[in-house]
Amino acid sequence: MPELPEVETVRRGLAPSMEGALLKELELRRGDLRFPFPAGFSQAVSGRGITSLSRRAKYLLIDLDDGMTIVAHLGMSGSFRVEAGPSSETPGAFHHPRSKDEKHDHVVFHLAGAGGDARVIYNDPRRFGFMDVVRRADIASHPFFRDLGPEPTGNKLGADYLAERFAGKAQPLKSALLDQKNIAGLGNIYVCEALWRSHLSPLRAAGTLVTDTGGPKEELLRLVAAIRAVIADAIAAGGSSLRDHIQTDGSLGYFQHSFSVYDREAQPCGTPGCGGTVSRIVQAGRSSFYCAACQS
């Protein structure tokens, strides 16, 4: 499933075509994706101006000029394709190739913008993605969003906050970090990478990073810094699971080639002087990659 940096890359790729454009028509080619489309969805948003694109966790938010917001989630196999004149590009072309088979084109945004007409097409072979329309003022209380923790690079994420969340928890650190109620949008790849950078084992109990008085230990300070850094690096590179992703400036995102532990089972650990090798274990059905020699 795409993680936060991939969704952010998609947002940045779509913004030039969508922000400021008129959504002439939202064409729905079926009645549902993972969930049925809301009643009157097309009629409610067609004819509205698109004011901005933003992101919350792994959700893409398309703000309209009447205070409503289209909420889109890519699911396992969803992608957007921009068609303007003879050209076509897929913002966020993922490591597992995204479909361009037109039989999976389920939603089409017909746009009129300063650069002319364009189509933004949502393609999803497995139909695990979904779309909804929500009043922007109500997003914080909407079921999709109300239980989400802070963004991994936001000001609210700090060691004191995580100490409060982790205090007394025997839950493995990897699982605690993947809990969207603790941190929104943080996924398997980046948890593995952040734990390696901070030299912490995914098996360690989350509560052991908290002092007896409820404050953060130095290790938790180190972990927060690592989370921020790995997400920022991945966004800058264009998203980790991207294959030859062409960003709007033509540069390529290759963060996946700089993974330190993820998908590097049995390879040497990159920590200077460590001498260990990367191991793979399964936690709650997810692969965890780490170095037992330097992550404790």
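Everything discussed here concerns the structure shown above.
Everything numeric here is computed off the predicted structure, so don't read it as measured data. (Residues numbered from 1 in each chain as written. Predicted model: local features only at pLDDT ≥ 70, side-chain atom pairs only at ≥ 80, totals over all residues. Heavy atoms only, no water.)

Draft legend 1. Focus on the overall build of the chain. A tally of regular secondary structure across the chain gives 6 helices and 13 strands. Looking at the chain as a whole, 52% of its 296 residues are labelled buried. Taking all contacts inside the chain whose residues are at least 6 apart in sequence as the whole, residues at least 24 apart take part in 64%. A total of about 13,000 Å² of accessible surface is found on the chain, and carbon and sulfur atoms cover 50% of it. (Helix = DSSP H or I, 4+ residues; strand = E, 2+ residues; numbered from the N terminus. Buried < 20%, exposed > 50% of the residue type's maximum accessible area, 1.4 Å probe, protein only. Contact = heavy atoms within 4.5 Å. Areas by Shrake-Rupley, 256 points an atom, 1.4 Å probe, with all protein chains shown as cover.)

Draft legend 2. Region of the structure containing the environment of G78. Following the sequence through the fold, G78 ends up in the loop between β4 (68-73) and β5 (79-84). Under the relative-accessibility criterion, G78 is labelled buried at 0%. Expressed as a C-alpha distance, the spacing of G78 and N123, which sit 45 residues apart in the sequence, is 5.6 Å.

Draft legend 3. Structural context of the pattern of salt bridges. The final tally for this structure, using the stated rule, is 17 salt bridges. For K24, the salt bridge identified is with D117, shortest N-O distance 3.2 Å. Taken together, the positions of K24 in strand β1 (residues 22-28) and D117 in strand β8 (residues 116-123) put the pair 93 residues apart, joining distant regions of the chain. By relative accessible area, which is 40% here, K24 ends up partly exposed. Among the ionic pairs, R204 bridges to E219, the shortest N-O distance being 2.7 Å. With R204 in the loop between α5 (188-197) and α6 (218-237) and E219 in helix α6, this residue pair connects regions lying 15 residues apart in the sequence. Assigned by exposure class, R204 and E219 land together as buried. (Salt bridge = Lys/Arg side-chain N within 4 Å of Asp/Glu carboxyl O.)

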